[in-house]
Amino acid sequence: ACLGDDRLAPGNVEHFEVIRAVKAVTHFSVGSHKSRPKQETSVSNLFIAGDWVKGLDHGSKGLSQERAYITGLVAANLICDVLGQGAKATIIDTEEDEAHIALGKWMAKQSRTTGLADILPASPVELFNRY
């Protein structure tokens, strides 16, 4: 839609591939966030999309398919801006966490802050299997 024509319409695509790579997931080490790229680059018409880019003002904060999808939409919108044409994608932000999710996040943060996380098992299943 951004190109203003039907060059990418299904009937005009000559070749495409779906690649399924075993264990192809994003892995990061502690402190690597500062080295992650932003979507906009020093090249005026080059934009990056993926769950690993930083600087996205959206509720999908973790490394996920949803974040990769949103960054793709943002990149497409940036291309529309550069070209000065096309219909921009509507990006809907995430909803606020439901009460039980917000409580769980708060408890996890408190356990890390107080050191409780260091003595608890890594998974809830392990905790329940102990007792």
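For the structure, check the block above.
Residues numbered from 1 in each chain as written. Predicted model: local features only at pLDDT ≥ 70, side-chain atom pairs only at ≥ 80, totals over all residues. Heavy atoms only, no water.

1. Notes on the overall build of the protein
Along the protein, the regular secondary structure elements total three helices and zero strands. Reading the protein from its N end, one meets helices and strands in the order α-α-α. Computed over C-alpha atoms, the radius of gyration of the protein comes to 20 Å, more than 25% over the 14 Å expected from 2.2 N^0.38 for 131 residues, which places it beyond the range of a compact globule. The principal-axis extents of the C-alpha atoms in the protein amount to approximately 65 × 30 × 30 Å. Buried residues in the protein amount to 18% of all 131 residues. The long-range share in the protein, meaning contacts at least 24 apart out of those at least 6 apart in sequence, stands at 36%. With the model as given, the accessible surface of the protein reaches about 10800 Å², and the carbon-plus-sulfur share is 57%. (Helix = DSSP H or I, 4+ residues; strand = E, 2+ residues; numbered from the N terminus. Rg over C-alpha atoms; globule rule 2.2 N^0.38 Å. Buried < 20%, exposed > 50% of the residue type's maximum accessible area, 1.4 Å probe, protein only. Contact = heavy atoms within 4.5 Å. Areas by Shrake-Rupley, 256 points an atom, 1.4 Å probe, with all protein chains shown as cover.)

2. Some details on the pattern of salt bridges
Here the idea is simple: oppositely charged side chains can pair when their charged atoms come close. Going through the model one piece at a time under the given rule, you end up with two salt bridges. Close ionic contact of Asp81 with Lys88 constitutes a salt bridge, the shortest N to O distance being 2.5 Å. You can call Asp81 partly exposed: its relative accessible area is 44%. Note that Lys105 is salt-bridged to Asp97, the shortest N-O span being 2.6 Å. Look at Asp97 and you get partly exposed, because its relative accessible area is 39%. (Salt bridge = Lys/Arg side-chain N within 4 Å of Asp/Glu carboxyl O.)

3. Quick look at helix H1 (residues 65-83)
Compared with an ideal rise of 1.5 Å per residue, which puts 19 residues at 27 Å, H1 spans 27 Å between its outermost C-alpha atoms and is within 8% of the ideal. Of all the positions in H1, only Arg67, Ile70, Thr71, Leu73, Val74, Ala75, Asn77, Leu78 and Cys80 are classed as buried. Two residues or fewer after H1 comes Gly84, characterised by a positive phi angle close to 70°. (Expected span 1.5 Å × (residues − 1).)

4. Focus on the nonpolar core
In terms of nonpolar packing, the biggest core is built from seven residues, these being Phe47, Leu56, Ile70, Leu73, Val74, Ala75 and Leu78. Ignoring sequence-local partners within four residues, the contact set of Ala75 consists of Gln39, Phe47 and Ala49. (Core = buried A, V, L, I, M, F, W, Y, C linked by side-chain atoms within 4.5 Å.)

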